[in-house]
Amino acid sequence: LPVLTAATATTYRILQELGLPPIVPNAGKLLSG
């Protein structure tokens with residue numbers, strides 16, 4: 001069962017807003033790039 005936490009979603013959005021690639025190693029599928 002896929003789970004999306006608020007912390008993961010927030011990190012993804014912050015990286016997008018900063019113009020950075022939303023890639024964080026070992027942080028789940030959303031942030032895997």
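For the structure, check the block above.
This write-up is about the structure you can find in this document. Because the structure is predicted, anything quoted here is derived from the model rather than measured.

Of note, Pro2 is situated in the segment before helix H1 (6-17). Distance in space between the C-alpha atoms of Pro2 and Lys29 is 9.2 Å, their sequence separation being 27 residues.

A few words now on the side chain of Thr8. Structurally, Thr8 is set in helix H1. Overall, Thr8 belongs to the buried group, its relative accessible area being 18%. At a separation of 2.9 Å, a polar atom in the side chain of Thr8 contacts the side chain of Thr5. Each residue touching Thr8, except ones within four places of it in the same chain, is listed here: Ala27, Leu30 and Leu31.

Moving on, we get to a nonpolar patch on the surface. Together, Ile14, Leu18 and Leu20 make up an exposed nonpolar region whose accessible area comes to about 290 Å². Checked against the element boundaries, Leu18 lands in the segment after H1. Accessibility expressed as a relative area gives 60% for Leu18, which makes it exposed.

Close approach of charged atoms lets side chains of opposite charge pair. Summed over the entire model, instances satisfying the criterion amount to 1 salt bridge. Note that Arg13 and Glu17 form a salt bridge whose closest N and O atoms lie 2.8 Å from each other. Of this pair, Arg13 and Glu17 both sit in helix H1, 4 residues apart, which is roughly one turn of the helix. For Arg13, a relative accessible area of 48% translates into the label partly exposed.

Conventions used here
- Residues numbered from 1 in each chain as written.
- Predicted model: local features only at pLDDT ≥ 70, side-chain atom pairs only at ≥ 80, totals over all residues.
- Heavy atoms only, no water.
- Helix = DSSP H or I, 4+ residues; strand = E, 2+ residues; numbered from the N terminus.
- Buried < 20%, exposed > 50% of the residue type's maximum accessible area, 1.4 Å probe, protein only.
- Polar contact = N/O pair within 3.5 Å; in protein donor to acceptor, adjacent residues only side chain to side chain.
- Contact = heavy atoms within 4.5 Å.
- Patch = residues over 30% accessible without salt bridge, like charges linked within 9 Å, V, L, I, M, F, W, Y side chains within 5 Å.
- Areas by Shrake-Rupley, 256 points an atom, 1.4 Å probe, with all protein chains shown as cover.
- Salt bridge = Lys/Arg side-chain N within 4 Å of Asp/Glu carboxyl O.

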